[in-house]
Amino acid sequence: MKILVTGGAGFIGSAVIRYLIQHTQDEVYNIDKLTYAGNLESLIDIEQSPRYQFHKLDICNATALQQIFSTFRPDIVMHLAAESHVDRSIDTPADFIQTNIIGTYTLLEVARKYWLALDTQVKQKFRFHHISTDEVYGDLENSTELFIESSPYAPSSPYSASKASSDHLVRAWYRTYSLPIVITNCSNNYGLYQFPEKLIPLVILNALDGKSLPIYGDGKQIRDWLFVEDHARALYCVVTRGKIGETYNIGGHNEKQNIEVVKTICKILDELKPQPVGWKYETLITFVKDRPGHDLRYAIDATKIEKELGWTPQETFETGIQKTVEWYLNNLEWCRRVKDGRYQCERLG
Ligand code: NAD
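Residues numbered from 1 in each chain as written. Predicted model: local features only at pLDDT ≥ 70, side-chain atom pairs only at ≥ 80, totals over all residues. Heavy atoms only, no water.

(A) Representation of the overall build of the protein chain within the structure. Scanning the protein chain from N- to C-terminus turns up 12 helices and 12 strands. In summary, the protein chain has a C-alpha radius of gyration of 20 Å against a globular reference of 20 Å for 349 residues, a match within 12%. Once the C-alpha set of the protein chain is aligned to its principal axes, its extents read approximately 70 × 45 × 40 Å. Out of the 349 residues in the protein chain, the part that is buried amounts to 57%. In the protein chain, the proportion of contacts linking residues at least 24 apart, taken out of those at least 6 apart, comes to 82%. Summed over all atoms, the accessible surface of the protein chain reaches about 14,900 Å², with 50% contributed by carbon and sulfur. (Helix = DSSP H or I, 4+ residues; strand = E, 2+ residues; numbered from the N terminus. Rg over C-alpha atoms; globule rule 2.2 N^0.38 Å. Buried < 20%, exposed > 50% of the residue type's maximum accessible area, 1.4 Å probe, protein only. Contact = heavy atoms within 4.5 Å. Areas by Shrake-Rupley, 256 points an atom, 1.4 Å probe, with all protein chains shown as cover.)

This is the structure:
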């Protein structure tokens, strides 16, 4: 198959492309604007493959998109390009409205026109896969409730509102124009090659530099953690075998309080990078004023994808976090380069 991936130089997109090149025979065309979050070094392992090509492009550019559709002729679109950091969406929401909403609309329209003109047989094979987040559901009030595919949307941040909006557009393009779509909503991803502004890499790098480890509020917010390579496998499963028009929730069965996550990382660092006797990385933890609109708990019920498509996560949080910390310790040079002088781990928490 020919797969057009948007946002393939980002954290999850690059894991998807590495998976596609290493585990399938598919051809991949990566389009990415290369914002601060996009980094082609994440694709170094596969960039020489004759089945891979890259084009630097903003998904809001309809004319350039049309050209790529007509030359590459994709069977599948996997749409991951987005502005993805909640803190940044509070500071500069305009970028989120532009890429996540206008960009998704632009891509949908180009895909629809391309799809309409396809021969019947190829037309049946075509899929538009929109990759989204569990944050569209808002937060959970009690400790036993889980998000299911039909949970109502109640986004809290400009980021989650823009993703919710793009989900609605994708569903509308199915209901109104019959464009063959699938949607996935997943929990927090972690793993290799994540830009060091998100919780896990930020904590690892700040701890190694002896900087404080800022935790929002009391640190008791709960997130479900999904190892990025499990996610990439799940996405391939959905796009190749999922039912048209359906949504699938993807989760890692790893509900943890933020403070637990940070303490686990500190313990692993105590073992792998011990400091003078008696000193522990946990000493660096500091609590900072909570983020506005901070959701307390997200938790995913991933029964549908497990039952219908047979996907389950392979990593537990314990195995995944160990691999992740080890990877960052072995790839400090990558972290230095992606920070590129513009970003110095200064996000609040
Ligand atoms: P990321 O920020 O690491 O990567 C996003 C990529 O999109 C970057 O390479 C960036 O250059 C590119 N991009 C941004 N604007 C663009 C534009 N206008 N045109 C073309 N490319 C553009 O994000 P991620 O963590 O890899 O997330 C990928 C997708 O998965 C997003 O849609 C996000 O909402 C969703 N998601 C992420 C998580 C998570 O925990 N990271 C969880 C749930 C859902």
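There's more to say after this.
(B) View of the sheet that holds strand 1 (residues 2-6). Here seven strands make up an open sheet; going across it, the order is 3-2-1-4-5-6-10 and the pairing parallel. Since the sheet does not close on itself, it has two edges, and those belong to strand 3 (52-56) and strand 10 (247-250), each with one partner. Geometrically, the sheet is characterised by an average inter-axis angle of 20° between neighbouring strands, direction not taken into account. Of the strands in this sheet, strand 1, strand 2 (27-32), strand 3 and strand 4 (76-79) are in contact with helix 2 (residues 62-72), which crosses strand 2 at around 175°. (Pairing = 2+ DSSP bridges. Axes fitted to C-alpha atoms, helices over the stretch in contact; angles between N-to-C directions.)

(C) Highlighting the sheet that holds strand 9 (residues 222-227). As summarised here, the arrangement of the three strands in space is 7-9-11, forming an open sheet in which the pairing is mixed. Each end of this open sheet is capped by a strand with a single partner; those strands are strand 7 (188-190) and strand 11 (255-257). Strand-to-strand twist in this sheet, taken as the mean axis angle between neighbours without regard to direction, amounts to 50°.

(D) View of the environment of Val-16. Tracing the sequence through the fold places Val-16 in helix 1 (residues 11-23). Relative accessible area serves as the criterion here: at 1%, Val-16 is assigned to the buried category. Note: C-alpha distance between Val-16 and Asp-230 (214 residues apart in sequence) is 9.9 Å.

(E) Expanded view of helix 11 (residues 317-330). Its 14 residues give helix 11 an end-to-end C-alpha distance of 20 Å, which sits within 8% of 20 Å, the value for a rise of 1.5 Å per residue. Among the residues making up helix 11, those that are buried are Phe-317, Gly-320, Ile-321, Thr-324, Val-325, Trp-327, Tyr-328 and Leu-329. (Expected span 1.5 Å × (residues − 1).)

(F) Up close: the packing of aromatic side chains. On inspection of all chains with the given rule, the structure shows 20 aromatic pairs. Ring geometry for Phe-147 against Tyr-298: centres 6.2 Å apart, planes inclined by 40°, an arrangement best described as tilted. With Phe-147 in the loop between strand 5 (127-133) and helix 6 (158-177) and Tyr-298 in the loop between strand 12 (285-288) and helix 10 (303-309), this residue pair connects regions lying 151 residues apart in the sequence. On the basis of relative accessible area, Tyr-298 is assigned to the buried category, the value being 3%. An aromatic cluster is defined as three or more aromatic residues linked by ring pairs; in this entry it consists of Tyr-137, Phe-147, Tyr-153 and Tyr-298. Over the aromatic face of Tyr-36 sits the side chain of Arg-88, whose NZ or CZ is 3.6 Å from the ring centroid. (Phe/Tyr/Trp six-rings, centres within 6.5 Å; stacked < 30°, edge-to-face > 60°. Lys NZ or Arg CZ within 6 Å of the ring centre and 35° of its normal.)

(G) Layout of the packing of helix 1 against helix 8 (residues 228-241). At their nearest, the axes of helix 1 and helix 8 sit 9 Å apart, and the two run at 65° to each other. Of the two elements, helix 1 crosses helix 8, and the hand of that crossing is right-handed. Within the contact between the two elements, helix 1 uses Phe-11, Ile-12, Ala-15, Val-16, Tyr-19 and Leu-20 and helix 8 uses Val-228, His-231, Ala-232, Arg-233, Leu-235 and Tyr-236. Looking at the contact of helix 1 with helix 8 residue by residue, the classes come out as 10 nonpolar, one polar and one charged. (Left-handed = near helix turned anticlockwise from the far one by under 90°. Nonpolar A, V, L, I, M, F, W, Y, C, P; charged D, E, K, R; others polar.)

(H) Expanded view of the state of the cysteines. Applying the stated criterion across every chain, the model contains zero disulfides. Unpaired in terms of disulfides, Cys-186 finds its nearest cysteine sulfur in Cys-237, a separation of 14 Å. On the basis of relative accessible area, Cys-237 is assigned to the buried category, the value being 9%. (Disulfide = S-S within 2.5 Å.)

(I) Structural view of the environment of Asp-139. Tracing the chain through its elements places Asp-139 in the loop between strand 5 and helix 6. Separated by 17 residues in the primary sequence, Asp-139 and Ser-156 have C-alpha atoms spaced 8.2 Å apart. Once you skip the residues sitting within four places of it in the chain, Asp-139 turns out to touch Phe-147, Asp-295, Leu-296, Arg-297 and Tyr-298.

(J) Quick peek at the site of the ligand. As a matter of local geometry, the ligand sits amid 28 residues, with Ile-12, Asp-32, Ser-84, Tyr-159 and Lys-163 nearest to it. A distance of 3.0 Å is found between an oxygen atom of the ligand and a backbone nitrogen or oxygen belonging to Gly-10. Residue Lys-163 places a side-chain N or O atom 2.6 Å away from an oxygen atom belonging to the ligand. Within the complex, the protein chains bury 97% of what would otherwise be the 840 Å² of accessible surface of the ligand. Of all the secondary structure elements, the ones that give two or more residues to the shell around the ligand are helix 1, strand 5, helix 6 and strand 7. For the shell around the ligand, a count of residues per class yields 13 nonpolar, 11 polar and four charged. (Near = heavy atom within 4 Å. Polar contact = N/O pair within 3.5 Å; in protein donor to acceptor, adjacent residues only side chain to side chain.)

(K) Structural context of the pattern of salt bridges. Scanning all chains against the criterion turns up 15 salt bridges. Put simply, Glu-255 and Arg-297 hold a salt bridge, and the shortest N to O gap is 3.0 Å. With Glu-255 in strand 11 and Arg-297 in the loop between strand 12 and helix 10, this residue pair connects regions lying 42 residues apart in the sequence. In this structure, Lys-256 engages Glu-318 in a salt bridge whose closest nitrogen and oxygen atoms are separated by 3.6 Å. Taken as a pair, Lys-256 in strand 11 and Glu-318 in helix 11 lie far apart in primary sequence, 62 residues in all. On the basis of relative accessible area, Lys-256 is assigned to the buried category, the value being 17%. Each of Glu-41, Glu-333, Arg-336 and Arg-337 takes part in one network of salt bridges that share partners. (Salt bridge = Lys/Arg side-chain N within 4 Å of Asp/Glu carboxyl O.)

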